[in-house]
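The lines below spell out each chain.
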Number of protein chains: 4
Amino acid sequence: MWGGRFSKQMDDRFAYLNASLRFDWRLYAADIRGSRAYARALARAHLISEMERDALVDGLTRVEQEFDAGTFAAQPSDEDIHTAVERRLGELVGAVAGKLHTGRSRNDQVATDTRLFVLDTIRNLQFAIRNLQSAILEKSEQQLDVLMPGYTHLQRAQPILFSHWLMAYFWMLERDHARLRDCATRVSVLPLGAGALAGNALGIDRDFLARELGFARVSDNSIDAVSDRDFIAEFLFAAALIGAHLSRLGEDLVLYSSAEFGFVTLDDAYATGSSLMPQKKNPDAMELARGKAGRLIGDLMSLLVVLKGLPSSYNKDLQEDKEPLFDAVDTLDALLPVVAGVIRTLRVHADKMRAALDAAMLATDLADYLVRRGVPFRDAHRRVGEAVKLAETRGIALADLSLDAYKTIAPEFDAALKDVFDFARALAARETVGGTGPGAVRAQIGRAKGIIKE
Amino acid sequence: MWGGRFSKQMDDRFAYLNASLRFDWRLYAADIRGSRAYARALARAHLISEMERDALVDGLTRVEQEFDAGTFAAQPSDEDIHTAVERRLGELVGAVAGKLHTGRSRNDQVATDTRLFVLDTIRNLQFAIRNLQSAILEKSEQQLDVLMPGYTHLQRAQPILFSHWLMAYFWMLERDHARLRDCATRVSVLPLGAGALAGNALGIDRDFLARELGFARVSDNSIDAVSDRDFIAEFLFAAALIGAHLSRLGEDLVLYSSAEFGFVTLDDAYATGSSLMPQKKNPDAMELARGKAGRLIGDLMSLLVVLKGLPSSYNKDLQEDKEPLFDAVDTLDALLPVVAGVIRTLRVHADKMRAALDAAMLATDLADYLVRRGVPFRDAHRRVGEAVKLAETRGIALADLSLDAYKTIAPEFDAALKDVFDFARALAARETVGGTGPGAVRAQIGRAKGIIKE
Amino acid sequence: MWGGRFSKQMDDRFAYLNASLRFDWRLYAADIRGSRAYARALARAHLISEMERDALVDGLTRVEQEFDAGTFAAQPSDEDIHTAVERRLGELVGAVAGKLHTGRSRNDQVATDTRLFVLDTIRNLQFAIRNLQSAILEKSEQQLDVLMPGYTHLQRAQPILFSHWLMAYFWMLERDHARLRDCATRVSVLPLGAGALAGNALGIDRDFLARELGFARVSDNSIDAVSDRDFIAEFLFAAALIGAHLSRLGEDLVLYSSAEFGFVTLDDAYATGSSLMPQKKNPDAMELARGKAGRLIGDLMSLLVVLKGLPSSYNKDLQEDKEPLFDAVDTLDALLPVVAGVIRTLRVHADKMRAALDAAMLATDLADYLVRRGVPFRDAHRRVGEAVKLAETRGIALADLSLDAYKTIAPEFDAALKDVFDFARALAARETVGGTGPGAVRAQIGRAKGIIKE
Amino acid sequence: MWGGRFSKQMDDRFAYLNASLRFDWRLYAADIRGSRAYARALARAHLISEMERDALVDGLTRVEQEFDAGTFAAQPSDEDIHTAVERRLGELVGAVAGKLHTGRSRNDQVATDTRLFVLDTIRNLQFAIRNLQSAILEKSEQQLDVLMPGYTHLQRAQPILFSHWLMAYFWMLERDHARLRDCATRVSVLPLGAGALAGNALGIDRDFLARELGFARVSDNSIDAVSDRDFIAEFLFAAALIGAHLSRLGEDLVLYSSAEFGFVTLDDAYATGSSLMPQKKNPDAMELARGKAGRLIGDLMSLLVVLKGLPSSYNKDLQEDKEPLFDAVDTLDALLPVVAGVIRTLRVHADKMRAALDAAMLATDLADYLVRRGVPFRDAHRRVGEAVKLAETRGIALADLSLDAYKTIAPEFDAALKDVFDFARALAARETVGGTGPGAVRAQIGRAKGIIKE
């Protein structure tokens, strides 16, 4: 295709290293879509006739059908998806195929293809996120009356609603969704017409191309256009952060499904057994959710390293953008629906959670009780701390210390003290926006449903 | 502060490891601002009197003044900026200081402080980006008539305008600017009132707090609120990508200021010499611009690793968020103005650039010439490739092959051929949007100026 | 120092960016040690007199004493530790100081200093690792009779000895120790005498320098010598993997000290409380052990990015090697002794661990029982799996299924079945090398002690 | 295989996510080799008869032959390579196949397989490194008389030999080779016999297994054995650093093959053309060498993230170890021979290199000249710096300043001055070990050849 000035064949091992068809064939739909639009633009610029345009457009559609049907036969000379499509087009429509590349470079072509691919991907991924958010919402609504221990530092902290815990993941995913939306505005910029780096010399109408291909706008600078991979980096970052969120959910569910916590049971459909130990039921789905963050972060790092210190304009190093992109897309495509399935089928053991609440988790409420009786918080905190220590020394629960003992610690304690040791009441006190009070959580779920429906 | 239930002092080495004041003192202004707002909110909720509120607010302002003046004296017991401020406040205003933390946790407090800090930082950074963009614009306008070789694969490709090359960086920075803006919308969410993890039990008005502190909205879920560090990760990603862009500019300018290219000279104010070799003048500023991408990407990596697999809600691991954040901020604060200075003072050697243009860079125009004479592009490309090979074999420039030689290669060649070998004319043909044609570049600069002015 | 050919002062902001004294002062001892050796080498090569050598050596020692005493006064012109020392030396000994740099470049000088620093660091770090290994060994010996559940996938798997669990970390650290040793052989290569990049032109005896400074050998290629930072990358990798190991130990101990597991209690000296919740005791030390892996991995990433795509020989980007190095060193210096302290003071709750053993953890032994009666393992596994399911359905423990029920599942079951449900016996069966049998663990500890003593 | 206790099929999407055969089939040879050894060990322990052993060993060999021949037919139920082999073995040899897994877990099995794979890989990789080192040595010997500019900061610094520049890469690769060797000592530790985590209960002779499989020793702790992935991380680090080295060589050769440098030409067999610009010949092979560092570093990061914070013992997350490993192996397998081919076929333009030497590159020699006449180096450096500035001001070369002008700058200058401006002489002065003097470089090559031959 570019061999005119060369007097020697490529070394075989180099040809393998150089070729990208083994992974970039996935861009075929985007590539052919871009080429059809380009054929139309060539005709508009009178660089080809309308008949030639139709021959190209029809031929491209036939190539696409071969790919769709799985009958496309790659040749050893097909360096990448672009040359593969052009080669096959030539076989189907003859010499006119040689006009398709007029004024176009693989540099602007591949950038266009990849952007079309990422735009599609973002839409799919947003759908998968919404699906997982729906699973979270459904489960949260079903289990609205379940109390569980809330943890900080993995130590029991304060009673919360199970739904409140679960809904925390809704909002993480909501930010992921928003980041993808923002990313899409930067993906939706047409590079086609930038040529190799200097722009198109043949009067191609780039605005027409943008409209044809659904881009929001055209790129402002042809050098930037052919070497900008920011949109992939930004996508990979969004993917890495989704990965981090799923890894945290993975950790929580692995912990909660341990025998020691016993808060939840994964459905058999999402667990596996052991080849050696017959009793084992392992939460593999969520361990993978935790572990997959590794490759997603690795994919992001791969691309950032490629970009670092690269001379401006197109360099072949940029071919290394695609595999991390595809890997991240495939990883999330496979993972998100599984996590949604885990949530939908999760068995929640309200009794175990309830049993894990202990009186010491109301120590803050005890301090608040003193605050309401005029003790400065810092002082109240210290006194309740002493009560905790006293109870621990005596080997009894905080609720079982006598009123007299409490009065020794702070004279403000009185008979109303016993009302403090009521988990539901403690929860009910936290009704400010975003709190774990039942009303606040219901309102939270309401807001979430509104967002999902948009 | 929290020692009521403990019966032993902290181990010294652990105290050092655990403490964060040595780096989080930088949050003092944000911390005090947050505490003043919180004191007002406590009074609105009738948890403290108006007199107590005023005492707290005034005391906090005095603590702030000590920090501003550099007279604040840290104590060994000051675990972090929050305890340091509270301790000092107590010394200044007495027992009422113990009421400030009512219903508040360091978990929601530090999240609030950090968000205030990042919001400020984004504003400063956007300003520094605009400054560098201005430098690029000024230089681009000044040098609008300078032709240079455009490269792909670092091989001479096509003639471009120097301004077109430089403006490519304007658009990279413009995306950086936009990413920071999008990031800010996710930073501007108030965590205060989330308590340790379960929400506020004392009826604090979170909307009031948000208004007081300039947040766009309040967080939806208290568990998420205390452990969400996405905003820092997103900021660090934006910083890493700025770093990648500056590393590419660094690479270009290091190359262009080499003796071999000789296209530009850095001002003496931005270069250094050698301790051994008296003749050396090194482009250290741009080498550092290239190298600093390392730490910026490393900072992002650090935080992503911390987040991976963390149980939900607050865990102490999250204290590891601040040093990468501060490092990234400091790095860009130091680097961006220097790069702007380099650009502003850069000497551009139009003659050297012009001399580096060679006729072979017009091979594409030669192919276009054949295209206009009806030869399909792919065929034209092949024929021009043969001309290139022939010229190379004969050891002469492409422009110096005889018309007869050209005719042997393609009968479509005629006397008009000589007009092709005109760099300015080749440039002028690339006037589509985003192209390197002088008109297109002027229009590009015009759009850029419009953006800057906004 | 290098300003002869320059006609302008450095820009202030660039001077700040360019300068490294604010972090590389830490190399002062190494720098001065290297310079003393170099002065001696200059005298051996007759480039200075013996009197001059003595003046330099004595002057350098005085500069070192100022640093040691904290009285060294840095000047704004001190670009880095090398210029700072040379400037001060000149003030102390006069013009002869100007001879010290003869034939030396900061390029070979800083490489030498950093290698000396890393060699020292490795020794210290190996000592800190040995200290943590000793803590592990002591605790393992003390608690040799404690049974606990062994987990895979965080699900109870098989009974193990607590000491066996803990000793797993001994061997991870042993590999870390070995990696540092291997790394040291690649650090112990002298760059001094490589000059800026081309080697020394004045006949300096590099073997003498190596002996003086304790390097095992001299570098083979001067270009490589001035730009090789592999030894730092290798060190940072070793540090990152130590970080990964400590993060796993952190995770384990955070889990085990949760109320749900309750296996261990951290000493009050290594835990902290909550500013809001008076009852909290948080395992901060081990959360930090888990979180610090982030910065250690980030430090490694930083340097690898700096190295990527760098032209050969010295480039200023390499100045970015030091801060990640120092950060990693400081992190491990602070962390390792704390982790050792946590282990030494850890309270182990044998009763809680014992209570967490359940009969199902002997399912593998049940399968082995069938194997010994001639049932192929895969078949035995399936049958025991059915027993597990049956017991679960009936809501009883595996040990409580009747012999009749067992016989229905596999006729090979007989009265000896009841002997299987004995945790100590199950443990005792695993006495192959590396197994959890008490004898095997004692042997393991014996091997470990042998290693430590070396 | 493990379904006895389960009452439900796996969800299809989870089954896909969970399965690893699509990538771990590559371990088939290692898996079967390990199983043959295990069958022998079972017989030695009298757990199976000799006849059963032979049936298993022969069956396994038949399975291996199917894989070798590409006729192995995977089934949907084949979760991973281990279950695939065991399933097929059962089809071939019947019920006895069910005895193979006696006392073995996939946890110790996969760890063993992977270690066998990495040991093989290291051997292959060391061979590929030696091949590239040979190419470097051959080219260095061929071109021993070629002078070129040596650079620091990409500014011309001092004249060096081309061979000296090239040999710098020999030593980088030599360290890579050594790191792989050190890594191999930590890979060569047998996990088999560790069972799921607690060790083998059936008296398997692990030392026998180690001998059979060629491991240097057996693992010391079964928990560590099943979850140790340090050896992969260490391998990936070694691979990442090889990647960094090749990226630097890539950068150098991309620069040197630019029109501006013109020092070398890549053979047509290792270059490509442009789809748009007929004249282009691009150094794609070396751009890919530069860019591939991204994925190699990304692979390392992936695994480190997976390991971070993982509970001890086996967790499913560890399944994420294989794809980065395979990717790194494939990347280096494809890349190293291509780079060797590039070096072997590289055309070196001695004339262009020579033409790039300029007199200013001898400024250090000029300073040394003054040093030999008693001027302290620092002073000599300053004076030569002034000469450089003077020559630059006058627009002439440093060698063209008159002796009178020199004398004004330093009275020590005399007629011998003209001898300094001789590149070959300057080179010849740098004959200390590792220097660029022709003798030193020949000695360097001699040492390198000795190493290669070992």
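Residues numbered from 1 in each chain as written. Chains lettered and ligands numbered in written order. Predicted model: local features only at pLDDT ≥ 70, side-chain atom pairs only at ≥ 80, totals over all residues. Heavy atoms only, no water.

Draft legend 1. Seen up close, the overall build of chain A. From N to C terminus, chain A includes 19 helices and 6 strands. On C-alpha atoms alone, chain A measures out to a radius of gyration of 30 Å, which is more than a quarter above the 22 Å that the 2.2 N^0.38 rule sets for 454 residues. Taken along its principal axes, the extent of the C-alpha atoms in chain A is 100 × 55 × 40 Å. Considering chain A as a whole, with its 454 residues, one finds that 71% of them fall into the buried category. Taking contacts inside chain A between residues at least 6 apart in sequence as the whole, the part at least 24 apart equals 75%. Counting every atom, chain A has about 13,400 Å² of accessible surface; 50% of that belongs to carbon and sulfur. Both charge centroids of chain A, one from 57 positive and one from 63 negative side chains, sit 3 Å from each other. (Helix = DSSP H or I, 4+ residues; strand = E, 2+ residues; numbered from the N terminus. Rg over C-alpha atoms; globule rule 2.2 N^0.38 Å. Buried < 20%, exposed > 50% of the residue type's maximum accessible area, 1.4 Å probe, protein only. Contact = heavy atoms within 4.5 Å. Areas by Shrake-Rupley, 256 points an atom, 1.4 Å probe, with all protein chains shown as cover. Lys, Arg positive; Asp, Glu negative; His and termini not counted. Charge placed at Lys NZ, Arg CZ, Asp CG, Glu CD.)

Draft legend 2. Representation of the interface of chain C and chain D. Contact with chain C, which involves 107 residues of that partner, is made by 107 residues of chain D. Carbon and sulfur atoms supply 58% of the area that chain C and chain D bury against each other, a total of about 8,800 Å² over both sides. It is C:Asp220, C:Arg248 and C:Arg378 in chain C that bury the most area against chain D; as a group they hold 9% of the surface buried on that side. Summed over the shared surface of chain C and chain D, the number is 18 salt bridges. Ionic pairing is found between C:Asp228 and D:Arg175, a salt bridge with its closest N-O pair at 3.3 Å. Joining chain C to chain D, the criterion identifies 62 residue pairs in polar contact (both at pLDDT 80 or more). (Buried area = accessible area lost by both parts, 1.4 Å probe. Salt bridge = Lys/Arg side-chain N within 4 Å of Asp/Glu carboxyl O. Polar contact = N/O pair within 3.5 Å; in protein donor to acceptor, adjacent residues only side chain to side chain.)

Draft legend 3. Local environment of the relation of the copies chain C and chain D. Between the two copies, chain C and chain D, the superposition gives an RMSD of 0.0 Å; the rotation angle is 180° and the shift along the axis is 0.0 Å. Each copy turns onto its partner about a two-fold axis. Both copies present the same face, since 100% of the interface residues in chain C are matched by interface residues at the equivalent positions in chain D. (Least-squares fit on C-alpha atoms with pLDDT ≥ 70 in both.)

Draft legend 4. Representation of the relation of the copies chain C and chain A in the model. Between the two copies, chain C and chain A, the superposition gives an RMSD of 0.0 Å; the rotation angle is 180° and the shift along the axis is 0.0 Å. Mapped onto chain A, 100% of the interface residues of chain C are again interface residues, and the two copies thus contact each other with one and the same surface.

Draft legend 5. Layout of the domain arrangement of chain A. Residues and elements named next belong to chain A. If you check the domain split of chain A, you get domain 1 (10–102), domain 2 (107–355) and domain 3 (359–453). Taken over C-alpha atoms, the centre of domain 2 sits 38 Å from the centre of domain 3. Facing 23 residues of domain 2, the contacting portion of domain 3 comprises 21 residues. Contact with domain 3 buries area across many residues of domain 2, yet Gln158, Pro159 and His164 alone supply 29% of it, more than any other trio. Our count for the domain 2 to domain 3 interface comes out at 1 salt bridge. Close ionic contact of Lys449 with Glu141 constitutes a salt bridge, the shortest N to O distance being 2.9 Å. Scanning the region where domain 2 abuts domain 3 turns up 6 residue pairs in polar contact (both at pLDDT 80 or more). Among the secondary structure elements, those contributing two or more residues to the side of domain 2 that touches domain 3 are α6 (106–142), β1 (147–152), β2 (155–161) and α7 (162–187). A per-class count over the side of domain 2 that touches domain 3 returns 11 nonpolar, 7 polar and 5 charged. (Domains from an automatic or database assignment. Nonpolar A, V, L, I, M, F, W, Y, C, P; charged D, E, K, R; others polar.)

Draft legend 6. Representation of helix α6 (residues 106–142) of chain C within the structure. All names here are of chain C. Given a rise of 1.5 Å per residue, 37 residues ought to cover 54 Å, and the 53 Å separating the end C-alpha atoms of α6 matches this to within 8%. By the criterion of burial, α6 is predominantly enclosed, with 29 of the 37 residues buried. Regarding α6, its N-cap is Ser105, as a side-chain oxygen of that residue lies 2.9 Å from the backbone nitrogen of Asn107 further along. (Expected span 1.5 Å × (residues − 1).)

Draft legend 7. Broad picture of the interface of chain C and chain A. Contact residues are listed per partner, giving 45 residues for chain C and 45 residues for chain A. Across the chain C to chain A interface the summed buried area is about 3,700 Å²; carbon plus sulfur atoms make up 57%. The tally of links between chain C and chain A comes to 2 salt bridges. Note that C:Glu260 is salt-bridged to A:Arg156, the shortest N-O span being 2.7 Å. Linking chain C with chain A are 27 residue pairs in polar contact (both at pLDDT 80 or more), by the criterion used here. Among the secondary structure elements, those contributing two or more residues to the side of chain C that touches chain A are β1 (147–152), β2 (155–161), α10 (230–256), α11 (284–291), α12 (293–307), α15 (363–372) and α16 (377–394) of chain C. Per-element tally for the side of chain C that touches chain A: the top contributor is α16(C), with 6 residues. In terms of residue class, the side of chain C that touches chain A is made up of 23 nonpolar, 13 polar and 9 charged.

Draft legend 8. How the structure looks around the packing of aromatic side chains. Counted under the stated rule, the structure contains 64 aromatic pairs over all chains. When the ring of D:Trp165 is compared with that of D:Tyr169, the centres are 5.9 Å apart and the planes differ by 75°; the resulting orientation is edge-to-face. Here the residue D:Trp165 and the residue D:Tyr169 both occupy positions in helix α7 (residues 162–187), the gap between them amounting to 4 residues, near one helical turn. The exposure classification of D:Trp165 matches that of D:Tyr169, with both residues buried. In this structure, C:Arg26 is placed above the aromatic ring of C:Phe326, and the distance from its NZ or CZ to the ring centre is 4.6 Å. The ring of D:Tyr369 carries D:Arg373 above its face, with NZ or CZ at 3.8 Å from the centroid. (Phe/Tyr/Trp six-rings, centres within 6.5 Å; stacked < 30°, edge-to-face > 60°. Lys NZ or Arg CZ within 6 Å of the ring centre and 35° of its normal.)

Draft legend 9. Structural detail: the confidence of the model for chain A. When pLDDT is averaged along chain A, the result is 96, and 100% of the positions lie at 70 or above. Among the scores for the predicted complex, ipTM is 0.97 and pTM is 0.98. (pLDDT = per-residue confidence, 0-100.)

Draft legend 10. Region of interest: the pairing of β1(A). All names here are of chain A. Buried residues dominate β1, accounting for 6 of its 6 residues. Direction of pairing for β1 relative to β2: antiparallel, over a ladder of 6 bridges. Bridging across to β2, Leu147 finds its partner in Leu161. (Pairing = 2+ DSSP bridges.)

Draft legend 11. The pairing of β2(C), seen in detail. The buried fraction of β2(C) amounts to 7 of the 7 residues, a majority that puts the element mostly inside the structure. In textbook terms, the turn of a hairpin is the stretch between consecutive antiparallel strands, and for β1(C) and β2(C) this stretch comprises 2 residues, one of which, C:His153, has a positive phi near 55°.

Draft legend 12. View of the packing of helix α7 (residues 162–187) of chain C against helix α20 (residues 438–453) of chain C. All names here are of chain C. Contact geometry for α7 and α20: axes closest at 11 Å, N-to-C directions at 30°. In terms of their interaxial angle, α7 and α20 are classed as roughly parallel. Pair α7 / α20 crosses with left-handed handedness. Along the contact surface, α7 presents Ser163, His164, Met167, Phe170, Trp171 and Glu174, while α20 presents Val441, Gln444, Ile445, Arg447, Ala448, Ile451 and Ile452. Considering only residue class, the contact of α7 with α20 consists of 8 nonpolar, 3 polar and 2 charged. (Axes fitted to C-alpha atoms, helices over the stretch in contact; angles between N-to-C directions. Parallel < 35°, antiparallel > 145°, perpendicular 65-115°, else oblique. Left-handed = near helix turned anticlockwise from the far one by under 90°.)

Draft legend 13. Seen up close, the environment of A:Ala233. By secondary structure assignment, the location of A:Ala233 is in helix α10 (residues 230–256). On a C-alpha basis, the gap between A:Ala233 and A:Lys281 in space is 38 Å, while along the polypeptide they are 48 residues apart. Beyond its immediate stretch of four places on either side in the chain, A:Ala233 contacts A:Leu300, A:Leu303, A:Leu304, B:Phe237 and B:Leu241.

Draft legend 14. Representation of the pattern of salt bridges. The full count for this structure, using the stated rule, is 203 salt bridges over all chains. For A:Asp228, the salt bridge is made with A:Arg115, and the minimal N-O distance between the two is 2.8 Å. On the criterion of sequence distance, the pair formed by A:Asp228 in the loop between α9 (222–227) and α10 and A:Arg115 in helix α6 is long-range, its members being 113 residues apart. A relative accessible area of 5% places A:Asp228 in the buried class. Two residues, B:Arg186 and A:Asp182, come together in a salt bridge whose shortest N-O distance is 2.8 Å. Taken together, the residues span two chains, with B:Arg186 in helix α7 (residues 162–187) and A:Asp182 in helix α7. When sorted by exposure, B:Arg186 lands in the same class as A:Asp182, which is buried. Linked by salt bridges that have partners in common, A:Arg115, A:Arg186, A:Asp224, A:Asp228, A:Asp230, A:Glu234, B:Arg175, B:Asp176, B:Arg179, B:Arg181 and B:Asp182 make up one network.

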